[in-house]
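For reference, the chains in residue letters:
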Amino acid sequence: TNGRKWFSMLILASVISLSSCEPNVEGDNLYTFTGQMMGQFISDPLNAELSEFSRLLDTTQLKGLLNAYGFFTTFAPTNSAMRDFYALKGKSGLKDFSMDSLILIARDHIINGTIVRNVNFISGRLPNLSMSERYFTISFVSATGETFVNRNALILQRDIEVHNGVI
């Protein structure tokens, strides 16, 4: 009978504690978070300077990955950086690259499985590989406070937090 008494008290405590929970409900929709996933952030019209990178992710079908739960770090190039890259390669746009090249380019910008914030940057090679299994090299210009990736890509914005990582 002592065991039944404790069991009954446990059930009663559980019912009381659960009845005080209120789900996060908006209209008829139940949701668990309100932040944007990385893919959503990159696609957001408010971030129009990332539209070319967004097209690359759509073309390579990697945007779905960045809309999934997990941990990602993405070095997202601006439209200007993408155009400069095309010119460097003698191309005019995404359409001029093979699908294999586009996938490699997209994967070169993403670290899957971890979040690397600016505060964790070290001068030299980051220990985390890109999805294309390449290293990122970080360099700093102390006089200006600028941070570069792979010696020539200036970081314009740091640590943009999204639900599943950092851009």
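Nothing here was measured: the structure is a model prediction, and the numbers come from that model.

Draft legend 1. A look at the overall build of the protein. When helices and strands are counted, the protein shows six helices and ten strands. Within the protein, the fraction of its 167 residues that count as buried is 32%. Taking all contacts inside the protein whose residues are at least 6 apart in sequence as the whole, residues at least 24 apart take part in 59%. With the model as given, the accessible surface of the protein reaches about 10800 Å², and the carbon-plus-sulfur share is 54%.

Draft legend 2. Quick peek at the packing of aromatic side chains. A complete count under the given rule lists four aromatic pairs for this structure. Between the aromatic rings of Tyr 86 and Phe 97, the centroid separation amounts to 6.0 Å while the plane-to-plane angle is 50°, which identifies the pairing as tilted. Of this pair, Tyr 86 sits in helix α5 (residues 79-88) while Phe 97 is found in the loop between α5 and α6 (99-107), placing the two residues eleven residues apart along the sequence. Taken individually, Tyr 86 and Phe 97 each receive the classification buried, so the pair is uniform in this respect. An aromatic cluster of three or more residues is present, and its members are Phe 75, Phe 121 and Phe 136. Positioned above the aromatic ring of Phe 97, the side-chain terminus of Lys 91 is 5.6 Å from the ring centre.

Draft legend 3. A look at the sheet that holds strand β5 (residues 124-125). On the basis of which strands lie adjacent, the open sheet formed by four strands has the order β5-β6-β7-β8 and antiparallel pairing. Only two strands of the sheet have a single neighbouring strand rather than two, namely β5 and β8 (153-154). Bridging between β5 and strand β6 (residues 137-141) involves two bridges; their strand directions are antiparallel. By the bridge assignment, Gly 124 is partnered in β6 with Ile 138.

Draft legend 4. Local environment of unusual backbone geometry. Phi angles above zero are rare outside glycine, and Arg 151 is one such case at about 70°. Of note, Arg 151 is situated in the loop between β7 (146-149) and β8. According to the relative accessible area criterion, Arg 151 is exposed, its value standing at 66%. Within the chain, Asp 159 stands out as a residue other than glycine whose phi angle is a positive 50°.

Draft legend 5. Fine view of the packing of helix α3 (residues 51-59) against α6. With their axes 9 Å apart at the nearest point, α3 and α6 run at an angle of 120° to one another. When the interaxial angle is binned, α3 and α6 end up oblique. Crossing angle aside, the handedness with which α3 passes α6 is left-handed. Between α3 and α6, the residues in contact are Leu 56, Leu 57 and Thr 59 and Met 99, Leu 102, Ile 105 and Ala 106, respectively. Tallied by class, residues from the contact of α3 with α6 come to six nonpolar, one polar and no charged.

Definitions and cut-offs
- Residues numbered from 1 in each chain as written.
- Predicted model: local features only at pLDDT ≥ 70, side-chain atom pairs only at ≥ 80, totals over all residues.
- Heavy atoms only, no water.
- Helix = DSSP H or I, 4+ residues; strand = E, 2+ residues; numbered from the N terminus.
- Buried < 20%, exposed > 50% of the residue type's maximum accessible area, 1.4 Å probe, protein only.
- Contact = heavy atoms within 4.5 Å.
- Areas by Shrake-Rupley, 256 points an atom, 1.4 Å probe, with all protein chains shown as cover.
- Phe/Tyr/Trp six-rings, centres within 6.5 Å; stacked < 30°, edge-to-face > 60°.
- Lys NZ or Arg CZ within 6 Å of the ring centre and 35° of its normal.
- Pairing = 2+ DSSP bridges.
- Axes fitted to C-alpha atoms, helices over the stretch in contact; angles between N-to-C directions.
- Parallel < 35°, antiparallel > 145°, perpendicular 65-115°, else oblique.
- Left-handed = near helix turned anticlockwise from the far one by under 90°.
- Nonpolar A, V, L, I, M, F, W, Y, C, P; charged D, E, K, R; others polar.

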